[in-house]
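Summary of structural features
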2 protein chains.
Amino acid sequence: MKEGPDIALLGSLIGDPARANMLMALMAGKALTATELAAEAGVTVQTASSHLSKLEHAQLISPRKQGRHKYFTLSNEDVGDFLENMLGLAAKQGYMRTRTGPKDEDLRRARVCYDHLAGELGVKAYDSLLKHRYLLEVNGDLRLTASGKAFFDKLGIDTMPMKALRRPLCKACLDWSARRSHLAGSLGTALIDKIFENGWAKRRENSRIVTFTREGEKKFSRLFS
Amino acid sequence: MKEGPDIALLGSLIGDPARANMLMALMAGKALTATELAAEAGVTVQTASSHLSKLEHAQLISPRKQGRHKYFTLSNEDVGDFLENMLGLAAKQGYMRTRTGPKDEDLRRARVCYDHLAGELGVKAYDSLLKHRYLLEVNGDLRLTASGKAFFDKLGIDTMPMKALRRPLCKACLDWSARRSHLAGSLGTALIDKIFENGWAKRRENSRIVTFTREGEKKFSRLFS
DNA sequence: ATAATGCTTCGACTAATATCGAAATATGAA
DNA sequence: TTCATATTTCGATATTAGTCGAAGCATTAT
């Protein structure tokens, strides 16, 4: 039984609380410095440096040097999707860190999942896109239809340049709280960027939580009804 | 950042090589005794007992006492699906335990994924079912059509009694080797059972690998063309 | 230059835990 | 009963790995 990939390595990397905290912080999508990540993890910078080098070596995170700062992000969306998936099983099994509080409610409502929108509102958008046949599921792949292209055009999202990217245009990601799919891929990224750009919502500091303005949520709901 | 579920706990459980080996062995779907799992993990029974109690306590595996033996299986298909997912990321990141050998090729071809068929042939069946519209993807859920019901009826699989179960009839599971979906859920279980029953294939001892007979593979391919 | 900030390396300490031998418990066989 | 097998518990050991202080390197600010 020594066939196949080694999940123990991946498990042990995530199995340390400090590293898990770092990865969760990076799930918010923003690039963070080593010092910031140390604070998130609740350890000194020396300890953090050791953890970060392990995560980097395993290609779960990628560094980007900028002056004397070193910014980290998750290496790619596969890592983000997997972590979301892991959150799903952990939640289902009842591995919770804190008693459910008001923050938890906000988190379930709307949050950043690495580079796209997750939570109830993310699922809502996804469902709506499928309902109106802006997206179609074909053989496990997600495809953008002509009317979908028009829909995003009207939103001010040009889907043309995305075609060229190696990264899939649209993709489903399983939501840990709703246990339903939401939109990922470069289209998912473009959508959440547009939401922030329009001022419909903003990131909560040091959190994955996305807080919609009253007006923003109204517009969002009308758009994805 | 102490919001949400605790993935570190889940990670550390899988992070130990002995436990990871045990879980991988259980991915073959067969119930195994504590002694067998100890052998799979390469540790003594005392050590295995300790690991098993941890996995059981975390509800990743479930025991079933039978005389003086204690049989373990994965607790539910969510655990199996998650492990398959984890294998996917581990493989993509290049966390392999052994150099790719002939066994690896067989594993990619056809294998058991806890309680259903995975690998190239599993993906092939899934694609075919969608192509012929025996299955439909509706809003992220998989639905069996009337013609699909007839298809399985002809195969000798009665889908009626499955309706009553709480477990979903059909469900997609992401394949680690093909990085495509294959059929899970109770229908997936029924299908692989039928394959074994028909003598089209059999499990390889102490492995997830499923070996098809020449004749069996021909019939399988014709069925899911 | 000199100082300050961000990060890494080194070394020592500590805590956690995987490990197994020995013994205990439980079930089944003779 | 007596013996054999399966599993668990206890206790001791050893290894691992997370931790941080101190020092070093690199970059930026003054």
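Since the model is a prediction, treat every value here as computed from it, not as a measurement.

**Section: the protein's contact with DNA strand C**
Near DNA strand C lie 20 residues; those nearest to it are Thr35(A), Ser49(A), Lys70(A), Gln46(B) and His51(B). Restricting attention to atoms of DNA strand C within 4 Å of the protein, one finds that 73% of them are sugar or phosphate atoms. The contact in question runs from a phosphate oxygen of DNA strand C to an N or O atom on the backbone of Ala34(A), over 3.4 Å. The side chain of His51(B) places a nitrogen or oxygen atom 2.6 Å from a phosphate oxygen of DNA strand C. At the level of secondary structure, the elements contributing two or more residues to the surface near DNA strand C comprise α3 (34-41), α4 (45-57) and β3 (69-74) of chain A together with α2 (17-26) and α4 (45-57) of chain B.

**Regarding the sheet that holds strand β1 (residues 32-33) of chain B**
Read across the sheet, three strands follow the order β1-β3-β2 (chain B) without closing on themselves; strand pairing throughout is antiparallel. Of all the strands in the sheet, the pair left with one neighbour each is β1 and β2 (61-66) of chain B.

**Examining the sheet that holds strand β1 (residues 32-33) of chain A**
Residues and elements named next belong to chain A. What the three strands build is an open sheet, ordered β1-β3-β2; its pairing is antiparallel. Unpaired on one side and paired on the other, β1 and β2 (61-66) mark the two borders of the sheet. By the bridge criterion, two bridges tie β1 to β3 in an arrangement that is antiparallel. Counterpart to Leu 32 in the pairing with β3 is Phe 72.

**Re helix α7 (residues 120-131) of chain A**
Residue and element names in this part refer to chain A. When the terminal C-alpha atoms of α7 are compared, their 16 Å separation across 12 residues agrees well with the 16 Å that a helix rising 1.5 Å per residue should span. The buried fraction of α7 amounts to nine of the 12 residues, a majority that puts the element mostly inside the structure. Turning to α7, its buried residues number three or more, namely Leu 121, Gly 122, Val 123, Ala 125, Tyr 126, Asp 127, Ser 128, Leu 129 and Leu 130. Arg 133 lies just past α7 and shows a positive phi near 60 degrees.

**Let's talk about helix α8 (residues 146-155) of chain B**
Residue and element names in this part refer to chain B. Among the residues making up α8, those that are buried are Gly 148, Phe 151, Phe 152 and Leu 155. Looking straight down α8, one finds that the buried residues subtend no more than 90 degrees of arc, so they occupy a single side. Seen from the open side of α8, the exposed residues pointing more than 90 degrees away from its buried face are Ala 146 and Lys 154. For α8, the elements touching its buried residues are α7 (120-131), β7 (141-144), α9 (185-197) and α10 (214-223). Where α8 terminates, the next one or two residues include Gly 156, which has phi positive at roughly 90 degrees.

**Overview of the pairing of strand β9 (residues 181-184) of chain A**
Residue and element names in this part refer to chain A. Note that strand β8 (residues 171-174) and β9 share four bridges and pair antiparallel. Looking at β9, one finds that Leu 174 is bridged to Ser 181. Connecting β8 to the next strand, β9, in antiparallel fashion are six residues, including Arg 179 with a positive phi near 50 degrees.

**A look at the relation of the copies chain B and chain A**
With an RMSD of 0.1 Å, chain B superimposes on chain A once it is rotated by 180 degrees and translated 0.1 Å along the axis. Such a turn and shift between the copies fits a two-fold axis. Identified as the residue of chain B closest to the rotation axis by C-alpha distance is Gly11(B), at 2.2 Å. By residue overlap, the copies meet face to face through one surface: 98% of the interface positions of chain B are interface positions in chain A.

**Let's talk about the protein's contact with DNA strand D**
Surrounding DNA strand D, one finds 20 residues, the nearest of these being Gln46(A), His51(A), Thr35(B), Ser49(B) and Lys70(B). Taking the atoms of DNA strand D that fall within 4 Å of the protein, sugar and phosphate contribute 69% of them. In this structure, a phosphate oxygen belonging to DNA strand D sits 3.0 Å away from a side-chain N or O atom of Thr47(A). At the level of elements, α2 (17-26) and α4 of chain A together with α3 (34-41), α4 and β3 (69-74) of chain B are the ones that each hand at least two residues to the surface near DNA strand D. Considering every element that reaches the surface near DNA strand D, the biggest residue donor is α4(A), with four residues.

**Some thoughts on the domain arrangement of chain A**
Residues and elements named next belong to chain A. Considered domain by domain, chain A is made up of domain 1 (7-75) and domain 2 (99-223). Each of domain 1 and domain 2 has a C-alpha centre, and these two points are 25 Å apart. Domain 1 puts nine residues into the contact, and the matching count from domain 2 is eight residues. Summed over both partners, the interface of domain 1 with domain 2 buries about 710 Å², with 53% contributed by carbon and sulfur atoms. Broken down residue by residue, the surface that domain 1 buries against domain 2 is led by Met 27, Ala 28 and Lys 30, which jointly contribute 57%. Taken together, the connections running from domain 1 to domain 2 amount to one salt bridge. A salt bridge links Glu 205 to Lys 30; the shortest N-O distance between them is 3.8 Å. Across the contact surface, domain 1 and domain 2 share four residue pairs in polar contact (both at pLDDT 80 or more). Residues that form the side of domain 1 that touches domain 2 fall into these classes: five nonpolar, two polar and two charged.

**Considering the interface of chain B and chain A**
Contacts between chain B and chain A engage 57 residues on the former and 57 residues on the latter. The contact between chain B and chain A buries some 5100 Å² in all, and 61% of this surface belongs to carbon and sulfur atoms. In this assembly, chain B and chain A are joined by four salt bridges. For Lys92(B), the salt bridge goes to Asp78(A), with nearest N and O atoms at 3.3 Å. Seen at the junction of chain B and chain A, the total is eight residue pairs in polar contact (both at pLDDT 80 or more). Ranked by residues supplied to the side of chain B that touches chain A, first place goes to helix α5 (residues 77-92) of chain B with 11 residues. Class assignment of the residues belonging to the side of chain B that touches chain A gives a composition of 27 nonpolar, 14 polar and 16 charged.

Conventions adopted
- Residues numbered from 1 in each chain as written.
- Chains lettered and ligands numbered in written order.
- Predicted model: local features only at pLDDT ≥ 70, side-chain atom pairs only at ≥ 80, totals over all residues.
- Heavy atoms only, no water.
- Near = heavy atom within 4 Å.
- Polar contact = N/O pair within 3.5 Å; in protein donor to acceptor, adjacent residues only side chain to side chain.
- Helix = DSSP H or I, 4+ residues; strand = E, 2+ residues; numbered from the N terminus.
- Pairing = 2+ DSSP bridges.
- Expected span 1.5 Å × (residues − 1).
- Buried < 20%, exposed > 50% of the residue type's maximum accessible area, 1.4 Å probe, protein only.
- Arc of directions from axis to C-beta.
- Contact = heavy atoms within 4.5 Å.
- Least-squares fit on C-alpha atoms with pLDDT ≥ 70 in both.
- Domains from an automatic or database assignment.
- Buried area = accessible area lost by both parts, 1.4 Å probe.
- Salt bridge = Lys/Arg side-chain N within 4 Å of Asp/Glu carboxyl O.
- Nonpolar A, V, L, I, M, F, W, Y, C, P; charged D, E, K, R; others polar.

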